[in-house]
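What follows is each chain in one-letter form.
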Amino acid sequence: MGQGWVALVGPELEENLSLRSLAAMLERAGISTRIVRFDGAAQFGTVLATLTQTDDPPFLIGISLAFQWRAMELLGLAIALREAGSSAHLTSGGHFATFASTEILSDFPELDSICRQEADETIVELATALREGRAWQQLPGLAVRIDGKVVLTEKRPSPELASLPWPVRDAEGMVVHGRRLAPLVSSRGCYANCSFCCIAAWHEAATPGKRYRFRPIDDVADEMAHLHHELGVGIFVFHDDNFFLPRERDNLERLTALAEALEARTLGRYATVIKARPMDVTPKVFSLLTERLHCVRAYVGIETDTDQGLVTLRRGLRKGVNERAMEVIDELGLFVSFNMLLFDPDTTVASLEENLRFLERHAHHPFNFGRVELYAGTPLLGRMQREGRASGDWLLWNYSISDPTIQRVFEVTNDAFYDRNFGADPAAYVTMALRGDVALARHFSPERWRPRWLEETQSICRQLGEDSVQVLRRIIDGVRGGRSRPAMVAEAKAQLAQTDLEVRRRAKAVADDLHRELGVDTLTSRDIDLATPLQLGRTDERAERVARTRSVFSE
Amino acid sequence: MSDDRKQEPVIPSLRTPRERVVDHLRTALSVGVASVLVTGTTSCIVADPPPPASACLAGTVVSKLRASVAPIGAEIELTLSSTELTLQPATTPPQILSGGQVRSHLASGNVSTTTIIPSGGVIELHVDLVCVNRSGATDLSLVRVVLTPLNADAGTPDGGAPNYRVDISNP
């Protein structure tokens, strides 16, 4: 690395497409680049040593700040790098860094700049200017500090996707059911405008009127064929913000073209994983997806099934669309998981109960739920700020639900369900992993696949889902009856823990069966029944497994 | 953009984003990371092993705390306050010790926790605090609060509202 090198730091639970796309651009410009994995605080020491305790430190360090909930660690890393003596140019980028660029640069002088919006070209120009000792403060697409004030430089249009190189890949990658898995995108942006999501605002800000762009089909097919033939990839996980176009006929045309392009490239057996909005799920489109593009799993963003929630979350669809989507999914027998934002600023007891009925109807699918959060750049944050209801600050916004009964229900729920929904090895992800195992087994080993695996998995999902609904209803009743929060939490946690244990035992039995029959390592942990992670002394392995499940089978 | 973030309990904070990031960094570094780093604006040097929490502030935190106890129905509320320090609950999960579920919340610079009144006996609570002194130095401190019932029937259905002796110490 004679002319110096660039470090791109961020999570790599799976191949980080954002960082690897930037790395590909830098490499194409002849600038050596390394991805430095930083999945969590436990890697602080390793990351710091890699970036500072070397005779050849990087001259530019890019810190990925896509997710707001990881900002504490990543901004902390910037401080730690300076304290450890790094003199590299520190920049950051990603959704959160872009929307909070002024606040971040004001509060964290350790950072020199922020690459706003899509940084494919900005990072190359910045690195080139730094390496050549030229001025960089005027480059388009940056937030910089000049005379102590934060200045946003000229806006940079989003790049043409057809002009971009494919993300860099390693020789080895994540392997699931004996097949290498690779994430990829066929587009950037989303046609929707949900109030809790910053994607539309992000793309609208960069290129007004063009909030989603697609890669040429042949380019996508060429990348998939390359990954399949050269790197042995058998599972393609599409991480498009939205894999679909607004109209069914356009989706049919595009997906047919992709299927034909892949068939012409003679891929062997492969599977795809996609994300969809409920309105994208039509019989024609999803039949095409499953039959010709070998889709084994769809994340469907249900989020809410009430008139109130659909308005608050600005989902842009009518009541009934969710139900029809789930009917299509069930008819095709496709593995689907979904998330519900049961709590939003306007949730009422009636709307919460309505959403619980939806969960009950579809509890044979794995799902999770939580409260909608106020993320930077989202219309919902703007609304709550205008209404004077957003508390906290740019690093972490908070709010109270307008209905005090629901606010109290949320508080009890948050305490009671933390372990099941978001804990170290949450049962909600156990069912997701198990359903994934069954779907992959059915796709890749149809001759040895057993229908009992699916029946039992759906039964396990239903046990967990119905238990969640039952406990939520009990919490609602308890709050209405004036019960104390600690008492309700304690009672709920006891029931949830008991059911979680049963679910883990049943899931382990199916996973063991699958392992015996197929000889594959399952996504579902098969040591999940009796001991806690600490008792097992295998926290890292379990965390890794949960992370893998999340990266593959959560949104 | 949505993500599958962990839904941590959200507690509003009086500290600035930078102060919270510094605290987070210091906590992260104190958990098994062999590095010696000065953490930004605080007066602490984070080392491996880290210094005792109270060393970051002049004097001990415990000596600067006051406690009050208020039975509320089947629960008891403990409020920690200080004339010298601004207190906030650390954003850790609720502590569960003897006495049942505890939840911390912010109340005008004090920290209150509630717990179910047990059927008699001593209640021992461990409370994670973020303490900020007048010069802005910030510290994380874990304090032990022991509540000893003064009337024998305290907490029982017939015992009425219990009175407690409060002892605060370092754990």
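Bear in mind the structure is a predicted one, so any value in this text is a computation, not a measurement.

1. Considerations on the overall build of chain A
Looking only at helices and strands, one finds 20 helices and 18 strands in chain A. Relative to the 2.2 N^0.38 estimate, which gives 24 Å for 555 residues, the radius of gyration of chain A is 24 Å and therefore close to what a compact globule would have. For chain A, the proportion of its 555 residues judged to be buried stands at 61%. Within chain A, counting contacts between residues at least 6 apart in sequence, those at least 24 apart form 74% of the total. Summed over all atoms, the accessible surface of chain A reaches about 20500 Å², with 49% contributed by carbon and sulfur. A gap of 2 Å separates the mean positions of the 67 positive and 78 negative side-chain charges of chain A.

2. Some points on the pattern of salt bridges
Tallying each qualifying case throughout the model produces 45 salt bridges over all chains. Through salt bridges that share partners, A:Glu15, A:Arg169, A:Arg180, A:Arg215, A:Asp219 and A:Glu223 make up one connected network.

3. Some points on the sheet that holds strand E15 (residues 335-343) of chain A
Residue and element names in this part refer to chain A. Sheet architecture is open: seven strands sit in the order E8-E9-E12-E13-E14-E15-E16, paired in mixed fashion. The open sheet has two edge strands, strand E8 (175-176) and strand E16 (367-371), and neither has a second partner. Relative to strand E13 (residues 271-276), strand E12 (residues 233-238) runs parallel, the two being bridged by three bridges. The residue of E13 that forms the bridge with valine 237 is valine 273. Across the sheet, helix H13 (residues 349-361) lies against E15 and E16, angled at about 165 degrees from E15, the strand it touches most.

4. So, the nonpolar core
Of all hydrophobic cores here, the largest spans 83 residues; its most connected members are A:Met224, A:Phe236, A:Phe244, A:Ile274, A:Phe286, A:Leu289 and A:Leu342. A:Ile63, A:Leu75, A:Ala88 and B:Val21 belong to the second-largest nonpolar core, a separate cluster that totals 37 residues.

5. Describing the side chain of A:Asn355
Looking at the secondary structure, you find A:Asn355 in helix H13. Ignoring sequence-local partners within four residues, the contact set of A:Asn355 consists of A:Thr304, A:Asp305, A:Thr306, A:Met340 and A:Leu342.

6. Thoughts on helix H6 (residues 120-132) of chain A
Residue and element names in this part refer to chain A. For H6, spanning 13 residues, the distance from its first C-alpha to its last is 19 Å, which sits close to the expected 18 Å at 1.5 Å a residue. For H6, the set of buried residues is Asp120, Thr122, Ile123, Val124, Leu126, Ala127, Thr128 and Ala129. Directly beyond the C-terminal end of H6, a positive phi value near 70 degrees is found at glycine 133.

7. Structural notes on the confidence of the model for chain A
The pLDDT averaged across chain A works out to 91; a share of 94% of its residues lies at or above 70. Considering only residues more than four positions removed or in separate chains, one finds that residues 528-542 of chain A, a stretch of pLDDT under 50, has 23 contacts.

8. Some words on the sheet that holds strand E4 (residues 89-93) of chain A
All names here are of chain A. Pairing within the open sheet is mixed, and its seven strands lie in the order E2-E1-E3-E4-E5-E6-E7. Sheet topology places strand E2 (32-37) and strand E7 (149-152) at the edges, where each strand pairs with a single neighbour. When the angles between neighbouring strand axes are averaged without regard to direction, this sheet yields 25 degrees. With four bridges joining them, strand E1 (residues 5-10) and strand E3 (residues 60-64) adopt parallel strand pairing. Paired with alanine 7 across the two strands is isoleucine 61, which belongs to E3.

9. Quick notes on the packing of helix H2 (residues 44-52) of chain A against helix H3 (residues 71-83) of chain A
Residue and element names in this part refer to chain A. One way to put it is that H2 packs onto H3 with a least axis distance of 11 Å and a crossing angle of 45 degrees. Taken together, H2 and H3 sit at an angle that is classed as oblique. You can see that H2 and H3 cross each other, and the crossing is right-handed. Of the residues in H3, those in contact with Phe44, Val47, Leu48, Leu51 and Thr52 of H2 are Glu73, Gly76, Leu77, Ala80 and Leu81.

10. Regarding unusual backbone geometry
For residues other than glycine, phi is negative in most cases, and the peptide bonds are mostly trans. All names here are of chain A. Of note, the phi angle at aspartate 147 is positive, near 50 degrees, even though the residue is not glycine. In this structure, aspartate 147 sits in the loop between strand E6 (142-146) and E7. A positive phi angle is found at threonine 266, which is not glycine, with a value near 45 degrees. Positionally, threonine 266 belongs in the loop between helix H9 (248-264) and E13.

11. Let's talk about the packing of helix H8 (residues 217-231) of chain A against H9(A)
All names here are of chain A. For the pair H8 and H9, interaxial distance at closest approach is 9 Å and the crossing angle is 40 degrees. Classified by the interaxial angle, the pair formed by H8 and H9 is oblique. Considering the relative orientation of H8 and H9, their crossing is right-handed. Two secondary-structure elements touch here, H8 through Ile217, Asp218, Val220, Ala221 and Met224 and H9 through Arg254, Ala257, Leu258, Ala261 and Leu262. Across the contact of H8 with H9, the residue classes tally to eight nonpolar, no polar and two charged.

Conventions adopted
- Residues numbered from 1 in each chain as written.
- Chains lettered and ligands numbered in written order.
- Predicted model: local features only at pLDDT ≥ 70, side-chain atom pairs only at ≥ 80, totals over all residues.
- Heavy atoms only, no water.
- Helix = DSSP H or I, 4+ residues; strand = E, 2+ residues; numbered from the N terminus.
- Rg over C-alpha atoms; globule rule 2.2 N^0.38 Å.
- Buried < 20%, exposed > 50% of the residue type's maximum accessible area, 1.4 Å probe, protein only.
- Contact = heavy atoms within 4.5 Å.
- Areas by Shrake-Rupley, 256 points an atom, 1.4 Å probe, with all protein chains shown as cover.
- Lys, Arg positive; Asp, Glu negative; His and termini not counted.
- Charge placed at Lys NZ, Arg CZ, Asp CG, Glu CD.
- Salt bridge = Lys/Arg side-chain N within 4 Å of Asp/Glu carboxyl O.
- Pairing = 2+ DSSP bridges.
- Axes fitted to C-alpha atoms, helices over the stretch in contact; angles between N-to-C directions.
- Core = buried A, V, L, I, M, F, W, Y, C linked by side-chain atoms within 4.5 Å.
- Expected span 1.5 Å × (residues − 1).
- pLDDT = per-residue confidence, 0-100.
- Parallel < 35°, antiparallel > 145°, perpendicular 65-115°, else oblique.
- Left-handed = near helix turned anticlockwise from the far one by under 90°.
- Nonpolar A, V, L, I, M, F, W, Y, C, P; charged D, E, K, R; others polar.

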